[in-house]
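One-letter residues, chain by chain:
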Amino acid sequence: MAKINHTNYLDVVDTIFSSSKQKGLTHINSNEKYFDGKKFEIDGKELINFGTCGYLGLENHPELIKGSIDLLRKYGTQFSMGRVFMRPIYIRELEELMGIIFNNSKVLCYTSTSTAHISVISTIIKPTDLIVLDQQVHFSVQFPCKHTKLQGTEIKMIRHSNFDMLETILKEESNKYQKVWYMADGVYSMHGDFPDIVRLQELLIKYPKLHLYFDDAHGMGWSGKNGAGYVFDKLGVSERIVLISTMAKGFGCVGGTAVFSSEEMYRKVDIFGGPHSYSHPLTPASVGAAIASAKIHLSNDIYNFQNELFDLTSYMDDLLCKNNLPNLSAPNSPIYFIGSGLNKVTHNFVNRILKEGYYVNTATFPAVPNDKSGLRFTVTRHVTKENIKNFVDVLAFHFPKAIEEENDHIEKVFEVFNLEMKGFIVNNTTQNSGYKTEVYNSIRDIDRIKWDLMFDDRGNFSYEGMCCMEEIFTKNEKLEHNWSFHYVIIRNEHDEIVLSTFFTGGIYKDDMLAMENVSKKIEEIRSENDPYYLCSKTLSMGSLFAEGNFIYLKENENVGDLFQALVRCSDEIKTLIGATTIIFRDFEEGNKFDSLFEKEGFLRVKMPNSNRVENPKWESNEDFLRLINSSNNRRNIKRYVLKNEDLFEVNIKNELTESEAEKYFELFENVKDSNFAFNFFKYPSKITTVLSNCSNYEFIDIKLKDSQETICSVWCFKGKNHYSPFIMGINYDYLSSHHLYKQAMFQIIKRSNELNRKIVYLGFSADYEKQKYGSKIIPTLAYIKVDDTYNMELIESFSNAN
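Student: What's the story with the overall build of the protein in this structure? I'm lost.
Tutor: Across its full length, the protein holds 27 helices and 28 strands. Since a compact globule built from 802 residues should have a radius of gyration of about 28 Å, the 31 Å found for the protein is in line with a globular shape. Summarising its shape, the C-alpha atoms of the protein cover approximately 90 × 60 × 50 Å along the three principal directions. When the 802 residues of the protein are sorted by exposure, 58% land in the buried category.

Student: Before we go on, may I ask you to explain the sheet that holds strand β23 (residues 697–704) in this structure?
Tutor: As a general point, the strands of a sheet are linked pairwise by backbone hydrogen bonds and lie either parallel or antiparallel. Judged by pairing direction, the sheet is mixed, and its 7 strands sit side by side in the order β22-β23-β24-β25-β26-β21-β27 without closing on themselves. The sheet terminates laterally at β22 (648–653) and β27 (776–778), the two strands that pair on one side only. Strand after strand, the sheet turns through a mean of 25° between neighbouring axes, direction not considered. With 3 bridges connecting them, strand β21 (residues 610–613) and strand β26 (residues 759–763) associate as antiparallel partners. Within β26, the position partnered with V613 by the bridge is V760. Strand contacts of helix α23 (residues 658–674): β22, β23, β24 (710–718) and β25 (722–730), with the helix running at about 95° to β24, the strand carrying the most contacts.

Student: Hey, could you run me through the nonpolar core in this one?
Tutor: Burial of nonpolar side chains together is a common tendency in soluble globular proteins. Membership of the largest hydrophobic core comes to 105 residues, with the highest contact counts inside it found for F50, M98, F102, Y182, M316 and F377. When residues in this core are grouped by element, the largest group, 9 residues, is from helix α14 (residues 385–405). Beyond its immediate stretch of four places on either side in the chain, F102 contacts V107, M220, A228, F232, L243, S245, T257 and V259. If you look at the next biggest cluster of nonpolar residues, it comprises 81 residues, including F365, L499, M541 and V605.

Student: Explain the sheet that holds strand β8 (residues 241–246) to me, please; I cannot follow it from the model alone.
Tutor: Strand order in the open sheet made by the 7 strands is β3-β9-β8-β7-β6-β4-β5, with mixed pairing throughout. With one partner strand each, in any of the chains shown, β3 (106–110) and β5 (154–158) form the two edges of the open sheet. Taking each pair of neighbouring strands and ignoring which way they run, the sheet shows an average axis angle of 20°. Here strand β4 (residues 130–134) pairs with strand β6 (residues 180–185) via 4 bridges, running parallel. Bridging across to β6, L130 finds its partner in V180. Sheet contacts for helix α6 (residues 163–173): β4, β5, β6 and β7 (210–215); angle to β5, the most-contacted strand, approximately 145°.

Student: Where do I start with a nonpolar patch on the surface in this structure?
Tutor: Side chains of V84, F85 and M86 sit close together on the surface and give an oily, nonpolar patch of about 340 Å² of accessible area. Structurally, the position occupied by F85 is in the loop between α2 (62–75) and α3 (89–101).

Student: Teacher, can you tell me more about the packing of aromatic side chains here?
Tutor: The description of an aromatic ring pair rests on the distance of the ring centres and on the angle between the ring planes. In the structure shown here, the tally under the stated rule is 57 aromatic pairs. With 5.9 Å between their ring centres and 35° between their planes, F139 and F143 make a pair best called tilted. Here F143 and F139 lie together in helix α5 (residues 139–148), a separation of 4 residues that amounts to about one turn. Looking at F139, the relative accessible area reads 56%, which means it is exposed. Residue F143 is classed as partly exposed on the basis of its relative accessible area of 38%. Aromatic side chains F587 and F597 sit 5.4 Å apart centroid to centroid with 70° between the ring planes, which places their arrangement in the edge-to-face category. Placement of the pair is F587 in strand β19 (residues 581–588) and F597 in helix α20 (residues 594–599), with a sequence separation of 10 residues.

Student: What am I meant to see in the pattern of salt bridges here?
Tutor: Where charged atoms of side chains with opposite charge meet at close range, the side chains can pair. Throughout the structure, instances matching the rule amount to 52 salt bridges. R267 is the partner of E264 in a salt bridge, and the nearest nitrogen-oxygen pair spans 2.8 Å. Here R267 and E264 lie together in helix α9 (residues 263–272), a separation of 3 residues that amounts to about one turn. Across the salt bridge formed by R612 and E588, the nearest N and O atoms sit 3.9 Å from each other. Taken as a pair, R612 in strand β21 and E588 in strand β19 lie far apart in primary sequence, 24 residues in all.

Student: How should unusual backbone geometry be read in this particular structure?
Tutor: Glycine aside, negative phi is the norm for most residues, and most peptide bonds take the trans geometry. Cis peptide bonds are those with omega within 30 degrees of zero, and the linkage from F365 to P366 qualifies with 10°. Looking at the element boundaries, P366 is found in the loop between β12 (361–363) and β13 (373–378). Even without glycine at this site, N418 takes up a positive phi of about 55°. Mapped onto the elements, N418 comes out in the loop between α15 (410–416) and β14 (436–440). The class for N418 is exposed, based on a relative accessible area of 73%. In this model, H739 sits at a positive phi of 50°, which is unusual for a non-glycine residue. Looking at the secondary structure, you find H739 in the loop between β25 and α25 (740–754). The partly exposed category is assigned to H739, whose relative accessible area is 23%.

Student: Please clarify how the environment of H211 should be interpreted in this entry.
Tutor: Examined against the element boundaries, H211 turns out to sit in strand β7. Sequence spacing of H211 and G288 is 77 residues, and the spatial spacing of their C-alpha atoms is 34 Å. Residues contacting H211, with those up to four places away along its chain left out, are K179, V180, W181, Y182, E239 and R240.

Student: How do you make sense of the packing of α6 against helix α7 (residues 197–206) when you look at a structure like this?
Tutor: Axes are the key here: two packed helices are described by the angle between their axes and the distance separating the axes. Interaxial distance between α6 and α7 falls to 11 Å at its minimum, and their mutual angle equals 5°. In terms of orientation, α6 and α7 fall into the roughly parallel class. Where α6 abuts α7, its residues F163, D164, L166 and E167 lie against R199, L200, L203 and K206. Of the residues contributing to the contact of α6 with α7, the split by class is 4 nonpolar, no polar and 4 charged.

Student: Please explain the confidence of the model for the protein as it appears in this structure.
Tutor: Atomic detail in the predicted coordinates should be set aside for any region of low pLDDT. Taken over all residues, the pLDDT of the protein has a mean of 92, while the share at 70 or more is 97%. With pLDDT under 50 throughout, residues 425–431 is counted as low confidence; its partners more than four residues away or in other chains account for 12 contacts.

Student: In this structure, what is going on with the pairing of β23? I would like to understand it.
Tutor: Successive residues of a regular strand alternate their side chains across the two faces of the sheet. Among the 8 residues of β23, 8 are classified as buried, and the element is accordingly described as predominantly covered. Going residue by residue along β23, you find Y697, F699, D701 and K703 tucked away on one face and E698, I700, I702 and L704 tucked away on the opposite face as well. Pairing geometry for β22 and β23, over 6 bridges, is antiparallel. In the sheet register, F648 faces β23, and the bridge partner there is L704. Inspection of the sheet shows β23 paired to β24 by 7 bridges, in the antiparallel sense. Residue pairing for β24: E698 is matched across the bridge by C716.

Student: What is the right way to look at the environment of E709 in this model?
Tutor: Structurally, E709 is set in the loop between β23 and β24. With 49 residues separating them along the chain, E709 and E660 place their C-alpha atoms 9.9 Å apart. Discounting residues that sit within four places of it in the chain, E709 has contacts with K663, I702, K703, L704, N731 and Y734. At 3.3 Å, the side chain of E709 and the side chain of N731 are in polar contact.

Student: I tried to follow α23 on my own but got confused; where do I start?
Tutor: Quick reminder: α-helices carry 3.6 residues per turn. Residues three or four places apart thus point the same way. If you check α23, its first and last C-alpha atoms are 25 Å apart, about what 17 residues at 1.5 Å a residue would give, namely 24 Å. On its buried side, α23 packs onto β22, α24 (687–692), β23, β24 and β25.

Parameters at a glance
Residues numbered from 1 in each chain as written. Predicted model: local features only at pLDDT ≥ 70, side-chain atom pairs only at ≥ 80, totals over all residues. Heavy atoms only, no water. Helix = DSSP H or I, 4+ residues; strand = E, 2+ residues; numbered from the N terminus. Rg over C-alpha atoms; globule rule 2.2 N^0.38 Å. Buried < 20%, exposed > 50% of the residue type's maximum accessible area, 1.4 Å probe, protein only. Pairing = 2+ DSSP bridges. Axes fitted to C-alpha atoms, helices over the stretch in contact; angles between N-to-C directions. Contact = heavy atoms within 4.5 Å. Core = buried A, V, L, I, M, F, W, Y, C linked by side-chain atoms within 4.5 Å. Patch = residues over 30% accessible without salt bridge, like charges linked within 9 Å, V, L, I, M, F, W, Y side chains within 5 Å. Areas by Shrake-Rupley, 256 points an atom, 1.4 Å probe, with all protein chains shown as cover. Salt bridge = Lys/Arg side-chain N within 4 Å of Asp/Glu carboxyl O. Phe/Tyr/Trp six-rings, centres within 6.5 Å; stacked < 30°, edge-to-face > 60°. Parallel < 35°, antiparallel > 145°, perpendicular 65-115°, else oblique. Nonpolar A, V, L, I, M, F, W, Y, C, P; charged D, E, K, R; others polar. pLDDT = per-residue confidence, 0-100. Polar contact = N/O pair within 3.5 Å; in protein donor to acceptor, adjacent residues only side chain to side chain. Expected span 1.5 Å × (residues − 1).

So, in structure tokens, the structure goes:
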């Protein structure tokens with residue numbers, strides 16, 4: 001089938017990160033000539049450090065520095081040989097010490113925690129195993145898991161710490177697999193929360209096939225006996241528990257560790273654990289520091305350091321609570337997350353704190369949902385209680401001001417994060433812009449002349465077109481065939497319409513814009529188990545039976561104020577219909593709303609390209625060919641279209657018989673069933689009958705000469721100055737042999753010319769083919785906001801599906 005331009009997940013992330021970088025919130029360059037862990041120097045200004053993860057402050061401990069220098073002098077800057085050949089004495093010493101820290105477990109040391117994950121996962125996971133990822137498990141775990149799909153390992157994902165979902169999988173599917181690996185973090189890096197260890201212990205007892213794989217990088221050092229971390233302190237390791245930890249962060253050095261109870265598992269990874277065997281080992285300087293840190297962890301000093309940090313985090317917890325700040329983090333965790341909601345509020349809030357002289361992190365999508373962003377910070381032994389007191393005072397002062405300045409509401413922020421609000425008094429009165437918003441639920445409640453003046457030649461959403469659409473997508477049996485309609489009109493103080501659009505609400509497939517192989521895999525699950533798997537109630541500008549410019553905007557109006565009014569209105573409609581996703585769509589690149597959508601926390605994604613032909617009137621096929629610039633395209637049309645035109649009988653139908661309506665729908669189903677590039681639910685079968693009763697629609701009927709069977713039908717909308725072929729149905733038996741798609745495309749252009757229509761909207765997909773007929777490709781964008789990123793992340797996990 002015809003290809004479309006799919007959105008790349010990395011492009012979405014690139015847009016968000018680049019915006020944060022431009023605002024000076026991320027990818028910041030520091031300039032300090034000396035770093036003691038307490039302050040950064042940024043743009044000539046000192047900022048107190050509330051951002052690094054060296055929780056115990058060991059990176060500046062004199063014993064670690066001495067140990068690093070000693071081994072550097074003794075062994076040089078590197079040991080340039082893979083461990084498959086040789087293991088130097090100092091690495092053996094380090095691994096022995098790390099083994100003692102982890103209660104005499106078997107330990108392998110790596111250059112990083114990420115490398116450890118790649119090594120261990122690629123070695124211990126088999127095709128007969130099942131991986132169950134926690135939604136928020138660190139990216140360094142998720143990344144190597146994708147590659148296990150290449151060997152046939154299946155991967156599932158559960159909502160964050162939803163152990164009911166995990167147990168359902170264990171009950172229903174564990175018999176299919178040799179082992180079920182649940183992969184999670186010991187301390188999660190955004191909110192600083194912990195897994196429910198008690199529940200996991202119960203599941204381990206109940207389900208013998210369950211195995212646990214933990215990344216406890218953020219728990220190392222500050223938690224547990226010998227600073228072995230949160231997970232090891234609560235669970236340890238066993239034949240069914242593998243732990244990956246770190247020698248960075250709280251440990252104070254650099255590198256990763258893999259901790260095993262199973263001798264055989266350790267042996268296999270050690271013999272050939274991917275990068276463990278073939279890449280460079282830790283440098284002597286890094287190992288010298290790590291050995292010194294390990295010795296501290298095996299002394300009573302570690303408990304003094306832990307107690308000092310606990311005293312600081314308890315003080316921080318108490319102050320945040322007293323100031324009623326929306327802290328989402330677990331008590332006593334050194335990782336904190338102050339929820340601020342929309343990106344624009346978070347950017348404002350973080351910028352204010354940076355200007356006050358405190359370094360903090362910005363937490364936005366993809367780490368958190370795009371309307372649940374926030375200010376993330378850490379507490380280390382480098383800060384003092386005085387630092388903490390002053391810092392919290394600054395947070396409490398600027399938090400409501402950032403919200404107010406961005407015209408958001410503090411009540412809304414607490415509501416988004418399901419937190420109780422108390423103690424705030426802030427002016428959240430939205431400035432009166434003089435605009436009045438009206439919402440109607442049927443086109444028949446709107447003046448026909450006024451609507452058509454705004455939208456008549458933009459596509460199939462004229463007044464009559466919308467009457468037809470409402471009839472098609474209401475009063476149907478299936479849930480997905482029933483849409484709600486919402487027409488938004490905004491007037492100025494003179495009662496003039498300055499902005500107008502429409503939304504539809506319905507059940508959407510969340511993989512609508514995913515790659516075809518991903519949608520095919522998801523459709524298999526839908527057909528076997530649940531037709532609404534990975535589907536969401538969605539409010540979308542326009543509809544799935546329309547494409548074009550859905551916004552009328554009067555010139556010389558305040559775009560910012562109008563946009564705010566529109567977003568507020570759409571949020572109210574979304575809440576009213578119970579939608580969890582909202583989509584603004586079909587915007588051209590460089591549109592005036594782009595930066596405004598970003599501030600409101602919308603993700604910008606690529607839509608399939610739109611195609612448009614704007615040919616002057618032509619009298620003959622020769623005249624048409626002269627309009628085609630490319631000689632190759634002219635030859636293609638002559639060879640495959642004009643030469644074969646006499647093979648077909650082409651008729652224009654306005655009213656359909658019952659059998660014709662059924663046939664046209666059957667041809668549409670042929671295309672829909674084989675096309676996953678733009679994945680949506682089939683339209684209700686009554687659609688062709690309803691369209692035939694609408695005077696603005698007609699059907700191009702293509703048969704072979706001397707045959708009674710329609711082999712192609714095109715459903716077309718006729719505007720005053722445009723022609724919009726919206727649906728094509730094809731008998732694929734004739735697609736290649738008769739070049740049927742090419743012929744249909746020419747007949748569309750020809751019919752538009754006969755009707756003297758200036759523009760042909762050729763819709764999505766098949767860009768290459770449509771260009772041959774003079775089509776102009778127009779890149780289009782959509783802006784999406786979801787309440788919960790789980791479905792989005794689960795779809796992304798299908799990206800390496802076989």
